Amino acid sequence: MNLLPPEIEAYATSHSQPEPAVLAQLNAETHREAELPQMLSGHLQGRVLSMISWMLRPQRVLEIGTFTGYSALCLAEGLAPGGRVDTLDINPAMEARIRRFIREAGAESKVFFHLGNAMELVATLSGPFDLVFIDADKENYANYYDLVFDRVRPGGFIVADNVLWSGHVLDAPESHDSETAALHAYNKKVSADDRVEQVLLPVRDGLMIARKKG
Ligand SMILES: C[S@@+](CC[C@H](N)C(=O)[O-])C[C@H]1O[C@@H](n2cnc3c(N)ncnc32)[C@H](O)[C@@H]1O
């Protein structure tokens, strides 16, 4: 999943802020106990998400795809006073761990977990959002973009993870599996959308950052 040479990744990580202790614990526990721990954003991307949060000082953040809660806690770091992160996941197996780490991070008044299918839950959350982080089932990325777009404030951001999909977006289209095809379609959709300005940042597995004009 990491596209950078490992030495460069290690150098960048070691010259970035260390993980806050509670996130280091969550990272370690996820790797010890959860299936597919590589889904967790991790140290370097987590610090990127935290920095984006500090740069924006958002009031409202929506995350689609909580997993164990690592990225939600990163996104909460730079919230404006009174701000909140709403984070959604379909997998009940992670709920107790998510809630425990929200408590351990002292973020109960800032991070709100919602269990269910994001395709249904997104519509129940009103905006306007300053920042949306899309990091769930890849086949629905374009649907999530359409669902949230009108609820992102003008000047707000939609960030999507894994848009390089370990480099598979470069494979011949006839060999694309459904996730690769969906991510390639997402990248094409966002780059053709003249309502946004966008940059595809080749951090970890690729972050597509779109700013809604206005
Ligand atoms: C890549 S992980 C999220 C990683 C997390 N954002 C992080 O960086 O640590 C993707 C998550 O999306 C969730 N997911 C998949 N399909 C979903 C859906 N339809 N609705 C809500 N969550 C979904 C999975 O259960 C999984 O926990």
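Residues numbered from 1 in each chain as written. Predicted model: local features only at pLDDT ≥ 70, side-chain atom pairs only at ≥ 80, totals over all residues.

A. Region of interest: the site of the ligand. The immediate surroundings of the ligand are formed by 17 residues, with Ser41, Gly65, Phe67, Ser71 and Ala118 found nearest. Elements with a contribution of two residues or more to the shell around the ligand: α4 (70-76), β2 (84-89) and α6 (118-121). Tallied by class, the residues present in the shell around the ligand amount to nine nonpolar, five polar and three charged. (Near = placed C-beta within 6 Å. Helix = DSSP H or I, 4+ residues; strand = E, 2+ residues; numbered from the N terminus. Nonpolar A, V, L, I, M, F, W, Y, C, P; charged D, E, K, R; others polar.)

B. Spatial organisation of the pairing of strand β7 (residues 207-212). Pairing of strand β5 (residues 152-161) with β7 involves five bridges; the strand directions are antiparallel. Each residue of the ladder has a partner; that of Asp161, found in β7, is Leu207. Pairing geometry for strand β6 (residues 196-201) and β7, over six bridges, is antiparallel. Bridge pairing in β7 links Glu197 to Arg211. Linking β6 back to β7 in an antiparallel pair, the connection comprises five residues, with Arg204 at a positive phi of about 45°. (Pairing = 2+ DSSP bridges.)

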